[in-house]
Amino acid sequence: MSDIDGIRAGRHCVFALYAHLVFVTKFRHKVFSDRHLTRMEEIMRAVCTDFDTDLIEFNGEDNHVHLLVNFPPKVALSKLVNSLKGVSSRRMRQEFPDLVRHYYQTNRLWSASYFAGSVADAPSTILHQYIEQQNRPG
């Protein structure tokens, strides 16, 4: 696929599909520090790569994360979200035992719900700045 100014091309289509995703921790527990968010970004970038999706921007606070993704039309957004949440929850709980104490009853990191909003090209720069300016914990 080629990528020119956010417009991507596949074999039979040209597209610019962006989504703003927000995942909230189970019970809105404040569990993330900067090291958690740094590792989570790496995990989510790997998942996005598997889906042929670009993770444009990632940031978060102590109880939620924001993602700006550019995805191809062949990707069902719900399947991408399911994989992002599932893989990140499993890997984060394995790699950071301190997270497990918050979720010993449910064994889940994320709330079952999520936010997904479509983003047009012009507002994507504004959204990019908004995600970048989150109050990331130290």
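The preceding data block contains the structure.
Residues take numbers from 1 onward in each chain, read along the sequence in its written order. At least 70 in pLDDT is required for a residue's local features to be given in this predicted model, at least 80 for side-chain atom pairs to be given and counted, and no such filter applies to totals for whole chains, interfaces and linings, which use all residues. Excluding hydrogens and water, the side-chain values take into account all heavy atoms of the structure.

Asks: Which residues make up the pattern of salt bridges, and what values go with them?
Replies: Counted as salt bridges are all cases of a side-chain nitrogen of Lys or Arg within 4 Å of a carboxyl oxygen of Asp or Glu. Throughout the structure, instances matching the rule amount to nine salt bridges. When the shortest N-O distance is used, the salt bridge between Asp34 and Arg136 registers 2.5 Å. With a gap of 102 residues between them, Asp34 in helix α1 (residues 34-50) and Arg136 in the segment after α4 (121-132) connect regions that are remote in the sequence. The partly exposed category is assigned to Arg136, whose relative accessible area is 27%. Through salt bridges that share partners, Arg8, Asp52, Asp54 and Lys74 make up one connected network. Labels follow the DSSP assignment, with helices taken as runs of H or I lasting at least four residues and strands as runs of E lasting at least two, numbered in each case from the N terminus. In this scheme, a residue with accessible area under 20% of its type's maximum is buried, one over 50% is exposed, and one in between is partly exposed, where area comes from a 1.4 Å probe on protein chains only.

Asks: An account of unusual backbone geometry is requested, with residue identities and associated values reported.
Replies: The phi torsion at Phe27 lies on the positive side, around 60°, for a residue other than glycine. One can find Phe27 in the loop between β4 (18-25) and α1. Look at Phe27 and you get exposed, because its relative accessible area is 52%. The backbone phi angle of Arg28 is positive, close to 55°, even though this residue is not glycine. Secondary-structure assignment places Arg28 in the loop between β4 and α1. The class for Arg28 is partly exposed, based on a relative accessible area of 47%.

Asks: I'd like to hear about the pairing of strand β5 (residues 54-60), residue by residue, with values.
Replies: In terms of burial, β5 is largely enclosed, as five of its seven residues are buried. In the sheet, β5 pairs with strand β6 (residues 64-70) via six bridges, with the strands oriented antiparallel. Note on β6: the bridge partner recorded for Asn59 is His66. A loop of three residues connects β5 with β6, the two strands running antiparallel in sequence. Note on pairing: two strands pair once DSSP finds at least 2 bridges between them.

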